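One-letter residues, chain by chain:
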Protein chains: 2
Amino acid sequence: MTEAPLERRTVAAGTRIFVEGDPGDCAYLVETGRIEISKKLDVDEMVLGVAGRGDMIGEMALLDNEPRMATARATEMSVLVVVPKENFERRLEKTDPVIRRVLMLILKRLRAKTTEAARKAPVIR
Amino acid sequence: MTEAPLERRTVAAGTRIFVEGDPGDCAYLVETGRIEISKKLDVDEMVLGVAGRGDMIGEMALLDNEPRMATARATEMSVLVVVPKENFERRLEKTDPVIRRVLMLILKRLRAKTTEAARKAPVIR
């Protein structure tokens, strides 16, 4: 069975794609535009990075259903391809076991590094 | 065509699996044992981490053929599954395009984070 094509979503500048603490159930491939990733501190906000064409955001949701670790906001009109966790998992089931294992290990490692980086390197604005 | 099973390699304590600066052409899945990952500084050595059962080492070679960024040394007898880059690529070619894209993006991001972490957080011993 072939998977249905993935949904494309066009968002205006200022749109929050997801918010820290929200349940995470999908990732996004940035087709065009600019997405800022930030994290709340006590008073300020910490910018973790900026995603653009070809980047992926919210990919940790593909590994688990933990709440979003950061907020993603479009700083210009952007086009995103939505990758729902269930859709990703169905594709993964049909994947070569070596590829699958590598992917899950790398996702796990990236989560560990991301958590570590957020703890160590606040960029306050 | 089914891929041949991957080679398993048993290494004694003290064996260097790969050395910083070596050409990188495969990754390793740690089946049992303990592998220390370290990087040379001017005089000392910086321990980046320790890999154990279920972990993967040298996975950046699956993305490119850059030299090894660190040295991996078994600190006890270990069993490793060898994943050669060419074998991985053949498996990847047969993989769903969404899975493939996610995997390559995540590998790329992990490389960026690993480089960043090595620059920021020396653990000298």
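Numbering of residues starts from 1 in each chain and follows the order in which that chain's sequence is written. As a convention, the first chain written is A and the first ligand written is 1, with the rest following in written order. Under the rules for a predicted model, residues below a pLDDT of 70 receive no local features and side-chain atom pairs below 80 are neither given nor counted, while totals for whole chains, interfaces and linings still include all residues. Each side-chain value is derived from all of the structure's non-hydrogen atoms; neither hydrogens nor water enter the calculation.

## Regarding the side chain of B:D96
To qualify as a helix, a DSSP run of H or I must reach at least 4 residues; to qualify as a strand, a run of E must reach at least 2; elements of each kind are numbered from the N terminus. With respect to the element layout, B:D96 can be found in the loop between α1 (85–93) and α2 (97–120). We define a polar contact as two N or O atoms separated by no more than 3.5 Å, with the added condition that, inside protein, one atom must be a possible hydrogen donor and the other a possible acceptor, whereas residues neighbouring each other in sequence contribute only through side-chain atom pairs. One polar contact links B:D96 to A:R91, side chain to side chain, over a distance of 2.9 Å.

## Re the environment of B:D55
Tracing the chain through its elements places B:D55 in the loop between β5 (45–52) and β6 (56–57). Whether two residues touch is decided by their heavy atoms; if any such pair falls within 4.5 Å, the residues are in contact. Look past the residues within four positions of B:D55 in its chain and what remains in contact with it is A:L105, B:Y28, B:L29, B:V30 and B:V50. At a separation of 2.8 Å, a polar atom in the side chain of B:D55 contacts the main-chain amide nitrogen of B:G52.

## Topic: the interface of chain B and chain A
Taken together, the contact between chain B and chain A spans 29 residues of the former and 29 residues of the latter. Here's the idea: put two parts together, see how much 1.4 Å probe accessible area each one loses, and the total over both is what we call buried area. Contact between chain B and chain A buries roughly 2,800 Å² in total, counting both sides, with carbon and sulfur atoms accounting for 73%. Ranking the residues of chain B by area buried against chain A places B:I99, B:I106 and B:R109 at the top, with a combined share of 21%. The salt bridge definition used is simple: a Lys or Arg side-chain nitrogen within 4 Å of an Asp or Glu carboxyl oxygen. Our count for the contact surface shared by chain B and chain A stands at four salt bridges. Between B:R91 and A:D96 there is a salt bridge, and its shortest N-O distance comes to 2.9 Å. The interface formed by chain B and chain A holds six residue pairs in polar contact (both at pLDDT 80 or more) in total. Contributing elements (two or more residues each) for the side of chain B that touches chain A: β3 (26–32), β6, α1 and α2 of chain B. With 13 residues, α2(B) is the single largest residue contributor to the side of chain B that touches chain A. Classifying every residue of the side of chain B that touches chain A by side-chain character gives 18 nonpolar, three polar and eight charged. Here the term charged refers only to Asp, Glu, Lys and Arg, the term nonpolar to Ala, Val, Leu, Ile, Met, Phe, Trp, Tyr, Cys and Pro, and the term polar to all other amino acids, Gly among them.

## Remarks on the pairing of strand β8 (residues 78–84) of chain A
Residue and element names in this part refer to chain A. Of all the seven residues making up β8, six are buried; the element is thus mostly covered by neighbouring parts of the structure. A pair of strands is treated as paired once DSSP finds two or more bridges between them. Bridge analysis of strand β1 (residues 8–11) against β8 gives four bridges, and the strand direction is antiparallel. Across the sheet, the residue bridging to R8 is V81, located in β8. Three labels apply to residues, based on accessible area from a 1.4 Å probe with only protein chains included: buried if under 20% of the type maximum, exposed if over 50%, partly exposed otherwise in between.

## So, the confidence of the model for chain A
Values of pLDDT, the confidence the predictor places in each residue, fall between 0 and 100. For chain A, mean pLDDT is 88; residues scoring 70 or higher make up 90% of the total. What the predictor reports for the complex is a pTM of 0.75 with an ipTM of 0.77.

## Thoughts on the sheet that holds β3(B)
All names here are of chain B. The strand order across the open sheet built from four strands is β1-β8-β3-β6, with neighbouring strands paired in antiparallel fashion. Strands with a single pairing partner mark the edges of an open sheet, and in this sheet they are β1 (8–11) and β6. Of the strands in this sheet, β3 and β8 (78–84) touch α1, which is tilted by about 60° from β8. An axis is simply a line fitted to the C-alpha atoms; with a helix, the fit covers only the stretch in contact. Between two such axes, the angle follows the N-to-C directions and lies from 0 to 180 degrees.

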